[in-house]
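Architecture and fold: a report
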Amino acid sequence: MTTILQINTSLFSEGGQSSQLADTLVSQLHAARPDSRVVVRDLARDPLPHLDASRFLALIAKPEARTPEQAAVVAESDALIAEIRGADVLVLGLPMYNFGVPSQLKAYFDHIARAGVTFNYSANGPVGLIGDRKLYVVAARGGQFTDTPWDTQTGYVTQFFNFIGIRDIEFIYAEGLNISPELKQNSLAQAREQIERLAA
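Parameters and conventions
Residues numbered from 1 in each chain as written. Predicted model: local features only at pLDDT ≥ 70, side-chain atom pairs only at ≥ 80, totals over all residues. Heavy atoms only, no water. Patch = residues over 30% accessible without salt bridge, like charges linked within 9 Å, V, L, I, M, F, W, Y side chains within 5 Å. Areas by Shrake-Rupley, 256 points an atom, 1.4 Å probe, with all protein chains shown as cover. Salt bridge = Lys/Arg side-chain N within 4 Å of Asp/Glu carboxyl O. Helix = DSSP H or I, 4+ residues; strand = E, 2+ residues; numbered from the N terminus. Buried < 20%, exposed > 50% of the residue type's maximum accessible area, 1.4 Å probe, protein only. Core = buried A, V, L, I, M, F, W, Y, C linked by side-chain atoms within 4.5 Å. Contact = heavy atoms within 4.5 Å. Pairing = 2+ DSSP bridges.

**A short note on a nonpolar patch on the surface**
- Taken together, L51, F56, L57 and I60 make up a surface patch of nonpolar side chains, about 370 Å² in accessible area.
- Position of L51 among the secondary structure elements: in the loop between strand 2 (37-42) and helix 2 (53-60).
- Classification of L51 as partly exposed rests on a relative accessible area of 34%.

So this is what it looks like as structure tokens:
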């Protein structure tokens, strides 16, 4: 059975444009694989704490030296990592806020990037330990930034997932959503057309 993990990062939860487009993609992927299981992690509805010194120290503490509080932090991280390991397909809904990724997504990344668990350093550089699987990134943006220096998301998200071992990544962009109603309508339509082709 195929497991599809949908990660929503919009501040507006399922109401965000990126989440709605991710919903469309997941629905079509599920229709193409009727026996698939869908898991949704909504980082606005169920936010993770941002990384601070105590959480960082908990994540790097040796198991035998962890306090009960540190063990709880590690258990939360372990659950997030197990969720990714258990997924065959990932769908990330990604809005752009102030030229970057949502801080909720950064907090998520900080909880799943763990040396010896999701990556290792070797003599030849970092080695991802998650294992490759398909990742779709549905990016919704108010302006038009693709292929410009203003696009800080594509490289960062690609680099992070490559770092933990996920390299099969496909981006779907809906841009210019705040420029004009006409551009918004056309951009969303183009994104849905791309989604339909990818899910076929």
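Don't stop here, the text continues.
**What to know about the nonpolar core**
- L92, Y108, I112 and F161 are the most contacted members of the largest nonpolar core, which totals 28 residues.
- When contributions to this core are tallied by element, the ones reaching two or more residues are strand 1 (3-8), helix 3 (68-85), strand 3 (89-95), helix 4 (103-112), strand 6 (134-140), helix 5 (153-163) and strand 7 (168-174).
- At 5 residues, helix 4 tops the list of elements feeding residues into this core.
- If near-sequence neighbours (up to four positions away) are discounted, L92 is found in contact with I7, T9, L105, L135, Y136, V137, V138, V157 and F161.
- Counting residues in hydrophobic clusters, the runner-up holds 18 residues, among them A22, L25, V89 and A191.

**Here's the deal with the pairing of strand 5 (residues 125-128)**
- When strand 4 (residues 119-122) meets strand 5, the two strands line up antiparallel, connected through 4 bridges. Bridged to S122 within strand 5 is G125.
- Where strand 4 hands over to strand 5, the hairpin turn is made up of 2 residues, counted between the paired strands.

**Re the pattern of salt bridges**
- Under the definition given, this model contains 11 salt bridges.
- The partner of D46 in a salt bridge is R45, and the shortest N-O contact between them spans 3.8 Å.
- The class for R45 is partly exposed, based on a relative accessible area of 48%.
- Residues K134 and E170 are paired through a salt bridge, measuring 3.4 Å at the closest nitrogen-oxygen approach. Of this pair, K134 sits in strand 6 while E170 sits in strand 7, and the two are 36 residues apart along the sequence.
- Given the relative accessible area of 19%, K134 is considered buried.
- Through salt bridges with shared partners, a single network forms among E14, D42, R45 and D46.

The analysis is restricted to geometry; functional conclusions fall outside its scope.
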